Structures are given as structure tokens and as C-alpha cells.
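Here's the letter readout for the chains.
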Amino acid sequence: MTDNTDDGVELTGKIKDKLIKTKETWAQEGRGLTGKTGRPENERLPPGQRLTKDFPVLDLGVQPNLSQKEWGLSVAGQVAHPLKWSWDDFMAQPQQEYVNDIHCVTTWSRYDNSWRGVPMKTLLAACKPFPTAKFLMVKGFDGYSTNVPLADVDREDVFLGHTWNGAPLVREHGGPVRLVVPHLYFWKSAKWIRHITFMEKDQPGYWEARGYHMRGDPWEEERYD
Ligand SMILES: Nc1nc2c(c(=O)[nH]1)N[C@H]1C(S)=C(S)[C@@H](COP(=O)(O)O)O[C@H]1N2
Ligand SMILES: [Mo]
């Protein structure tokens, strides 16, 4: 199925209502919870997770078809300098290499992902959040949203990624650009990132409104609220 958003971006696929319902039920049932918290020394795999070598695709079922030219990121809310970055603006920012492990709330983890992207610290320095800004709402071109505490993106390991394992990030995984917040469950890492609003008060995003945790630390098993 092909559809268009209000701003003319083409969407392929169909919302996976059944899968979304199932994930809501998991939140109600507390699926995957082991009751363990805290990070034991030398432990790499968070509680309740299992390792996978492939890279599963998870989204609502619709994937925006975005060329680099069509992609853009805007930043607004509690900031001194609201921003609009085109692809060229974005690529003109300092670039960095990253290697990380990712952990999905559906219990898969994947080690040693290598990425290239723009540090989130660069974006924060450019938009200058007010001292009152404490949370972000991050939105994707597919209509998805997720909330993240500002303290959890104001870190050296958080970035806007455009390259994965040496190749441009493919559409399925959020290309041209996605957010990557590796120390939180992967649903916080919004694909096809489009907009960030800085907020004083926390508000639930798409999954958070359906029973998922407002923060999502895998080492504390913050799967559900
Ligand atoms: N825009 C957008 N970002 C999203 C999602 C989505 O549906 N839309 N799903 C989230 C979820 S639940 C997960 S686990 C990861 C999956 O990323 P992947 O498909 O690259 O593995 O993306 C997250 N980011
Ligand atoms: Mo997920």
C-alpha cells in the first residue's frame, strides 16, 4: 500500500494493528520481566534479553520513502535557537564514528553496531535548550513519537545516525537519519527523525501512551510503566 502524509511524503505499508495490540498486551502482562535490576560487573547482556546476529525491523508497519533532499529536521519548544536542518545543513555538522550494543524491549539485543552520525551534543549546542527544558518529544515522518529525558540525550554516546556498518542507513532502519540512544531500549531511537520538541514536563509518546516506560533503561528493566 502506498499513501502520502500531509506534507507529501510517501508512506509504504500498512499500520500493523494486530502487532500493535499484541505489544500493548505485553505491556499489561509485563512480558519479558525477570525482576533483576542493576548492572553486574562484566555483564553485557541486560536481564531478560537474548542475543541476535541479524537486525530485526520494528515499526508501526508504514515506512516513509524519503530521499535525502526530502528529509529535514526541525527543533522547537524550550530552546533559545529553534532549528531547521536540511540534509546539507545536517551533513555540514561535525561527524563521528560510534560502536554500540542495542537492546529492544521485545527482548532481542544486537552487539557491535558501527555507525556514523552527528553528536546529539552538537545539536544541543546549536539549539541551546532553556534551563527549564527537561524532556524531549521526538517525532518521525511516519507519525511515530517517543519521549526521552534531556539528561539521557545530553551524552557523548547519543547521536543522529545516517550510516550503519559502513553503508547509508537503509529505509527499513530509519534512513536517511534516525536518533540513536543506545543506553535505553531501542524504541526511544526514533527512525526517520523529523522533529524534536523540548518540553518542561514529560509527556508520553506512541508506546509510552500504550503502557511502555517513560524512560526505558534496559539494566533496570524499565520495560513498562
Ligand atoms: N519512526 C519510528 N521510529 C521507531 C519505531 C517506529 O515505529 N517509528 N519503532 C521503534 C521500535 S519499537 C524499535 S525496537 C526500533 C527498531 O528499529 P529497527 O527497525 O532499526 O530495528 O525503532 C524504534 N523507532
Ligand atoms: Mo521495540
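Residues numbered from 1 in each chain as written. Chains lettered and ligands numbered in written order. Predicted model: local features only at pLDDT ≥ 70, side-chain atom pairs only at ≥ 80, totals over all residues. Heavy atoms only, no water.

Asker: Describe the packing of aromatic side chains, and please don't skip the residues or the numbers.
Answerer: For any pair of aromatic rings, the description consists of the separation of the ring centres together with the inter-plane angle of the planes. Per the stated rule, a full pass over the model turns up 16 aromatic pairs. Considering the side-chain rings of Y185 and W187, the 5.8 Å spacing of their centres and the 10° angle between planes classify their relative orientation as stacked. The positively charged end of R210 is found above the aromatic ring belonging to Y206, 3.7 Å away from the centroid. (Phe/Tyr/Trp six-rings, centres within 6.5 Å; stacked < 30°, edge-to-face > 60°. Lys NZ or Arg CZ within 6 Å of the ring centre and 35° of its normal.)

Asker: How would you explain the sheet that holds strand β5 (residues 72-77) if you had to name every residue and give the values?
Answerer: If you trace the five strands from one edge of the open sheet to the other, you get β6-β5-β14-β9-β10, paired in mixed fashion. Of all the strands in the sheet, the pair left with one neighbour each is β6 (83-86) and β10 (145-149). Taking each pair of neighbouring strands and ignoring which way they run, the sheet shows an average axis angle of 15°. Note: β5 against strand β14 (residues 193-199), four bridges, orientation parallel. In the sheet register, A76 faces β14, and the bridge partner there is T197. (Pairing = 2+ DSSP bridges. Helix = DSSP H or I, 4+ residues; strand = E, 2+ residues; numbered from the N terminus. Axes fitted to C-alpha atoms, helices over the stretch in contact; angles between N-to-C directions.)

Asker: Before we move on, can you summarise the site of ligand 1 with the specific residues and values?
Answerer: In the vicinity of ligand 1, 21 residues are found, and the nearest of them are P56, D142, H173, R178 and K191. Within the contact set of ligand 1, an oxygen atom lies 2.8 Å away from a backbone nitrogen or oxygen of L58. A distance of 2.6 Å is found between an oxygen atom of ligand 1 and a side-chain nitrogen or oxygen belonging to H173. In isolation ligand 1 offers 530 Å² of accessible surface; the protein chains occlude 99% of this area. By residue class, the composition of the shell around ligand 1 is 13 nonpolar, two polar and six charged. (Near = heavy atom within 4 Å. Polar contact = N/O pair within 3.5 Å; in protein donor to acceptor, adjacent residues only side chain to side chain. Areas by Shrake-Rupley, 256 points an atom, 1.4 Å probe, with all protein chains shown as cover. Nonpolar A, V, L, I, M, F, W, Y, C, P; charged D, E, K, R; others polar.)

Asker: Go over the nonpolar core, please, and point to the residues and values.
Answerer: Ranked by size, the top nonpolar core spans 33 residues in total, and within it L123, L160, I196 and F198 carry the most contacts. For this core, the secondary structure elements donating two or more residues are β5, β6, α2 (87-91), α3 (120-127), β9 (135-140) and β14. Per-element accounting of this core gives the leading share, four residues, to α3. With sequence-adjacent residues up to four places away left out, I196 is seen in contact with L73, S74, V75, A76, M120, L123, L136, M137 and V138. In terms of nonpolar packing, the next biggest core, distinct from the first, is built from 12 residues, W26, L60, Y185 and Y206 among them. (Core = buried A, V, L, I, M, F, W, Y, C linked by side-chain atoms within 4.5 Å. Buried < 20%, exposed > 50% of the residue type's maximum accessible area, 1.4 Å probe, protein only. Contact = heavy atoms within 4.5 Å.)

Asker: So what about the pattern of salt bridges? Which residues, and what values?
Answerer: Overall, the coordinates contain 12 salt bridges when judged by the stated rule. A salt bridge links R155 to D157; its shortest N-O distance comes to 2.8 Å. Residue class for R155 comes out partly exposed when judged on its relative accessible area of 29%. For D157, a relative accessible area of 25% translates into the label partly exposed. Here K188 ties to E208 by a salt bridge, and the two come within 2.7 Å at their closest N and O atoms. Here E208 lies in the segment after β14 and K188 lies in the loop between β13 (178-180) and β14, a separation of 20 residues in the sequence. Residue classification places K188 among the buried residues on the basis of a relative accessible area of 0%. Of the residues examined, E208 reaches a relative accessible area of 6% and is grouped as buried. Linked by salt bridges that have partners in common, D152, R215, D217 and E222 make up one network. (Salt bridge = Lys/Arg side-chain N within 4 Å of Asp/Glu carboxyl O.)

Asker: Give me the lowdown on the pairing of strand β11 (residues 159-164), citing residues and values where you can.
Answerer: Of all six residues in β11, six are buried; the element is thus mostly enclosed. Strand direction decides the pairing type here: strand β8 (residues 108-119) and β11, joined by five bridges, are antiparallel. Within β11, the position partnered with P119 by the bridge is F159. Bridge count between β11 and β13: three bridges; the pairing is antiparallel. Paired with G161 across the strands is R178, a residue of β13.

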